[in-house]
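Descriptive analysis of the structure
Next come the chains, spelled out residue by residue.
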Amino acid sequence: KPVVGLAYSPDGKYILTGSGDKTARLWDVKTGQEVRQFIGHTKGIGSVAFSPDGRYALSTSSDPIALWDITTGKKIKEFTGGHTGSTTSIAFSPDGKYALSGSYDKTLKLWDIATGTEIKTFTGHTDTINSVAFSPDGRYALSGSNDKTIKLWDVATGEEIRTFVGSKYEVKSVAFSPNGKYALSGGVDRTIRLWDVETGKEILTITRQISELHSVSVSTDGRYALSKDNF
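Residues numbered from 1 in each chain as written. Predicted model: local features only at pLDDT ≥ 70, side-chain atom pairs only at ≥ 80, totals over all residues. Heavy atoms only, no water.

**Focus on the overall build of the protein**
The following threshold applies: Helix and strand labels come from DSSP, where a helix needs a run of H or I of at least four residues and a strand needs a run of E of at least two; each type is numbered from the N terminus. A 1.4 Å probe rolled over the protein chains alone gives each residue an accessible area, and that area as a share of the maximum for its type sets the label: buried under 20%, exposed over 50%, partly exposed in between. When checking whether two residues touch, look at their non-hydrogen atoms; a contact exists if any pair is within 4.5 Å. Values of accessible area rely on a 1.4 Å probe in the Shrake-Rupley scheme; residue burial ignores everything except the protein chains shown.
The number of helices and strands found in the protein is 0 helices and 22 strands. A buried classification covers 47% of the 231 residues belonging to the protein. Put simply, 37% of the contacts in the protein that link residues at least 6 apart link residues at least 24 apart. Surface accessibility of the protein: about 11400 Å² in total, with carbon and sulfur atoms responsible for 49%.

Spelled out as structure tokens, the structure:
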């Protein structure tokens, strides 16, 4: 089964993967060996995330979102209620207290990690949300959607601040720069786009991809960007 979700541990020692085989797996970066499996989903896993301290993991599926103990591989809790469609993307807040999810139901949801309960819903997209991200200070959120837009949200209020318009096709991935001033996006139009968060203006475009982009990320020093094509 294909690996769909991928995340590096904060210390860079491990990789967490989520797969269509319904498991999440922890891998040792240095040896390439599997460390443990996280078993409990009944559907394929679409997204995974590490907590900022590296002790916990989140995984998404058609099932409820699950929180795992990295050391033991045990499921701690499932997030109750929530989306009416499959969850496509998940992210931890920088302080590790909250999670943000995106879904086929066109909404984002903010969750309390300690209780596993929904805090608020963000509405405004008109199609599936493929990617979500917290700003480095945790005050804002980004979402990329099949409606070809990126939206910036106020996490505290759930209100939409602005929409970034310019992508020609579906937006598959979004990320903040480490300083929070810029946003990066990639999608079906095979283009990496750099945006000014404060104005919502597109400031750089790179079109050199072989096929549509499914993932983008920014280096910790903000100087480089990574992208993954859908080969």
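On we go.
**Some words on the packing of aromatic side chains**
Applied cut-off: Here a Phe, Tyr or Trp ring, Trp counted by its six-membered ring, pairs with any other such ring whose centre lies within 6.5 Å, and the pair is stacked when the planes are under 30 degrees apart, edge-to-face when over 60, and tilted otherwise.
Within the structure shown, the criterion is met by 4 aromatic pairs. Relative to Trp68, the ring of Phe38 lies with its centre 5.7 Å away and its plane at 70°, an arrangement referred to as edge-to-face. Separated by 30 residues along the polypeptide, Phe38 in strand 4 (residues 34–39) and Trp68 in strand 7 (residues 66–69) bring together distant segments of the chain. Each member of the pair, Phe38 as well as Trp68, carries the same accessibility label: buried.

**Some points on the sheet that holds strand 15 (residues 149–154)**
Put simply, the rule is: Strands were regarded as paired on the criterion that DSSP finds at least two bridges between them. For helices, the axis comes from a line fit to the C-alpha atoms of the stretch in contact; other axes are also lines fit to C-alpha atoms, and the angle between any two N-to-C directions lies between 0 and 180 degrees.
What the 4 strands build is an open sheet, ordered 13-14-15-16; its pairing is antiparallel. Each having just a single partner strand, strand 13 (129–134) and strand 16 (160–165) make up the two edges of the open sheet. Pairwise comparison of adjacent strand axes, ignoring direction, gives a mean angle of 20° for this sheet.

**Regarding the pairing of strand 9 (residues 87–92)**
Most of strand 9 sits out of view: 6 of its 6 residues are buried. By the bridge criterion, 5 bridges tie strand 9 to strand 10 (residues 98–103) in an arrangement that is antiparallel. If you follow Ser89 over to strand 10, its bridge partner there is Gly102. In textbook terms, the turn of a hairpin is the stretch between consecutive antiparallel strands, and for strand 9 and strand 10 this stretch comprises 5 residues, one of which, Gly96, has a positive phi near 75°.

**Describing the environment of Trp27**
Cut-off, in case you're wondering: For this analysis, a polar contact is any N or O atom pair within 3.5 Å, provided that within protein one partner can donate a hydrogen and the other can accept it, and provided that sequence-adjacent residues contribute only side-chain to side-chain pairs.
Of note, Trp27 is situated in strand 3 (residues 23–28). On a C-alpha basis, the gap between Trp27 and Thr17 in space is 8.1 Å, while along the polypeptide they are 10 residues apart. In contact with Trp27, not counting residues within four places along its chain, are Lys13, Tyr14, Ile15, Thr17, Gly32, Gln33, Glu34 and Val35. Only 2.9 Å separates the side chain of Trp27 from the side chain of Thr17, close enough to count as a polar contact.

**Looking at the sheet that holds strand 11 (residues 108–112)**
The strands making up a sheet are joined through hydrogen bonds of the backbone, oriented either antiparallel or parallel. What the 4 strands build is an open sheet, ordered 9-10-11-12; its pairing is antiparallel. With partners counted over all chains shown, the strands left at the sheet margins are strand 9 and strand 12 (117–122), one partner each. Going across the sheet, the axis of each strand differs from the next one's by a mean of 25°, ignoring polarity. Alignment of strand 11 against strand 12, held across 5 bridges, turns out to be antiparallel. Residue pairing for strand 12: Lys109 is matched across the bridge by Thr121.

**Quick look at the environment of Gly180**
Turning to its location among the elements, Gly180 is positioned in the loop between strand 17 (171–176) and strand 18 (182–187). Apart from the residues within four sequence positions on either side, Gly180 is in contact with Pro136 and Val197.

**Considering the side chain of Thr87**
Tracing the backbone through its elements, the reader meets Thr87 in strand 9. The class of Thr87 is buried, set by a relative accessible area of 9%. Once residues within four sequence positions are removed from consideration, Thr87 is found in contact with Thr60, Ser61, Ile65, Ser101, Gly102 and Ser103.

**What to know about the nonpolar core**
Cut-off, in case you're wondering: Definition of nonpolar core: a set of buried residues of the types Ala, Val, Leu, Ile, Met, Phe, Trp, Tyr and Cys, connected through side-chain atoms within 4.5 Å.
Counting 12 residues, the largest nonpolar core consists of Ala7, Leu16, Ala24, Leu26, Phe38, Ile45, Val48, Phe50, Ala57, Ala66, Trp68 and Ile70. Elements with a contribution of two residues or more to this core: strand 3, strand 5 (47–50) and strand 7. Aside from chain neighbours lying at most four places away, what touches Trp68 is Phe38, Ile39, Gly40, His41, Arg55, Tyr56, Ala57, Ser59, Gly73, Lys74, Lys75 and Ile76.

**Section: the side chain of Thr128**
In this fold, Thr128 is placed in the loop between strand 12 and strand 13. Classification of Thr128 as buried rests on a relative accessible area of 7%.

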